[in-house]
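So you can see what is in the structure, the chains are spelled out below.
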Amino acid sequence: TKTTVVASPDFAENELKLNDKIESFDNPRVVRVIDLCRSLCRDYKDKDGNVVVKAEDLKKWNVHITSRNNFPTAAGVASSASGYSCLVVALAALFCVEEEFEGQLTSIARQGSGSACRSLHGGFVEWICPDYAKEQSLEEMSKISVAKQVAPVEHWPNLKVFIVVVKDEKKDVGSTSGMKTTVKTSDFFRHRVDNVVPRRYEEFHQAIKDKNFHDLAELTMKDSNSLHATCLDTKPPIFYINETSKLIINVLEKANKAYGVNKFFYTFDAGANAFLFCEEENGAELMNILNHYLVIKDKTAIEELLAQDLNTTFLETIKNATPKEDAVVSSVINTRIGEGARVLPLEESLFTA
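Just so we're clear, the structure is a prediction, and the values are computed from it rather than from any experiment.

Visitor: Pulling in residues and values, what's your account of the overall build of the chain?
Guide: A count of helical and extended segments in the chain gives 13 helices and 13 strands. Relative to the 2.2 N^0.38 estimate, which gives 20 Å for 353 residues, the radius of gyration of the chain is 22 Å and therefore close to what a compact globule would have. Projected onto its principal axes, the C-alpha coordinates of the chain cover approximately 70 × 50 × 40 Å. Going through the 353 residues of the chain one by one, you find that 45% of them count as buried. Contacts in the chain between residues far apart in sequence, at least 24 positions, make up 74% of those at least 6 positions apart. On the chain, roughly 19100 Å² of surface is accessible, and the fraction owed to carbon and sulfur atoms is 49%. A gap of 3 Å separates the mean positions of the 42 positive and 51 negative side-chain charges of the chain.

Spelled out as structure tokens, the structure:
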């Protein structure tokens, strides 16, 4: 996501443009994030420290927000996390915000989209949640419910990520509304919160610290499946993954079983799109495996990997496999664990007067 925010006394009203389309500014989460950043506004100064615009004036100006995603929006590829993290960083730069407590900007981003708090940082990040059993004010909880980096990108630089875009249209049930229904109606959700998450939380930390790919894979796949089991336990049930998603799960499970160790792993957000992980040396094999089972419309991002002449144990066993006609995916995004949201040079601005 790339986002530009501009404030001016000449703007008659606020404006929000997403992927070159004007959107309604009556989104309470967008307004909340802007208001929180405005409340922390300081004088805007030039590079020599001279006040150009006083905070009391700057915070009154309307803003124009322009944001673009190079991946599907509202389709379960964390577009809201990316979008709100960029928005908060841009607003913080515009309003010259200085945090009053560590992680305050992540707390603000969280109020736009829960997972956005993690996207402000790079590498491996944890979202620290408050103890809801304790009586705490909203202000106290906001200071606790922040994101912190567990390990930087450099900790595990050869970890690859492939996002298989199974479904690129807007999903039927949004993440926020779906979670609210799950909390109210799922018995399994409470079991997951009380018994599964605390133990797994520590296990994830250890696997990342040790760079233990096998254990990280096992934990991630179990947690993804647990999440979607909770969705099924919701009333009415929520079906985020589809038959193609299940095919991808089965293929990776089959490959790992054949090797006797986890070489690949999957996880699914609130959507049908698959996030696949492997270490860099196994990327070409993973893509060639998928190419045997899926009809991939756009292979641009993985062409070089598919062109590699491989003769691995598992590929040999599936050499006669052919893609199912209905197992069609739009594309594969070829990426890796990245840096967090950051301010870009002025020449990269999306704003046009």
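Visitor: Can you explain the packing of aromatic side chains? Please cite residues and give values.
Guide: Using the criterion set out here, one finds five aromatic pairs in the structure. Considering the side-chain rings of Phe265 and Phe277, the 4.7 Å spacing of their centres and the 5° angle between planes classify their relative orientation as stacked. In this pair, Phe265 sits in strand S10 (residues 264–268) while Phe277 sits in strand S11 (residues 274–279), placing the two residues 12 residues apart along the sequence. We classify Phe265 as buried; its relative accessible area is 2%. The exposure class assigned to Phe277 is buried, which follows from its relative accessible area of 14%. Here Tyr266 and Phe268 contribute two aromatic rings whose centre-to-centre distance is 6.2 Å and whose plane-to-plane angle is 55°, an arrangement assigned as tilted. Like Tyr266, the residue Phe268 is buried in the burial classification. Put simply, the rings of Phe213, Phe265 and Phe277 touch in pairs and so form one group of aromatic residues. Seen from the ring of Tyr259, Lys263 lies directly overhead, with NZ or CZ sitting 4.0 Å from the centre.

About the criteria used
- Residues numbered from 1 in each chain as written.
- Predicted model: local features only at pLDDT ≥ 70, side-chain atom pairs only at ≥ 80, totals over all residues.
- Heavy atoms only, no water.
- Helix = DSSP H or I, 4+ residues; strand = E, 2+ residues; numbered from the N terminus.
- Rg over C-alpha atoms; globule rule 2.2 N^0.38 Å.
- Buried < 20%, exposed > 50% of the residue type's maximum accessible area, 1.4 Å probe, protein only.
- Contact = heavy atoms within 4.5 Å.
- Areas by Shrake-Rupley, 256 points an atom, 1.4 Å probe, with all protein chains shown as cover.
- Lys, Arg positive; Asp, Glu negative; His and termini not counted.
- Charge placed at Lys NZ, Arg CZ, Asp CG, Glu CD.
- Phe/Tyr/Trp six-rings, centres within 6.5 Å; stacked < 30°, edge-to-face > 60°.
- Lys NZ or Arg CZ within 6 Å of the ring centre and 35° of its normal.

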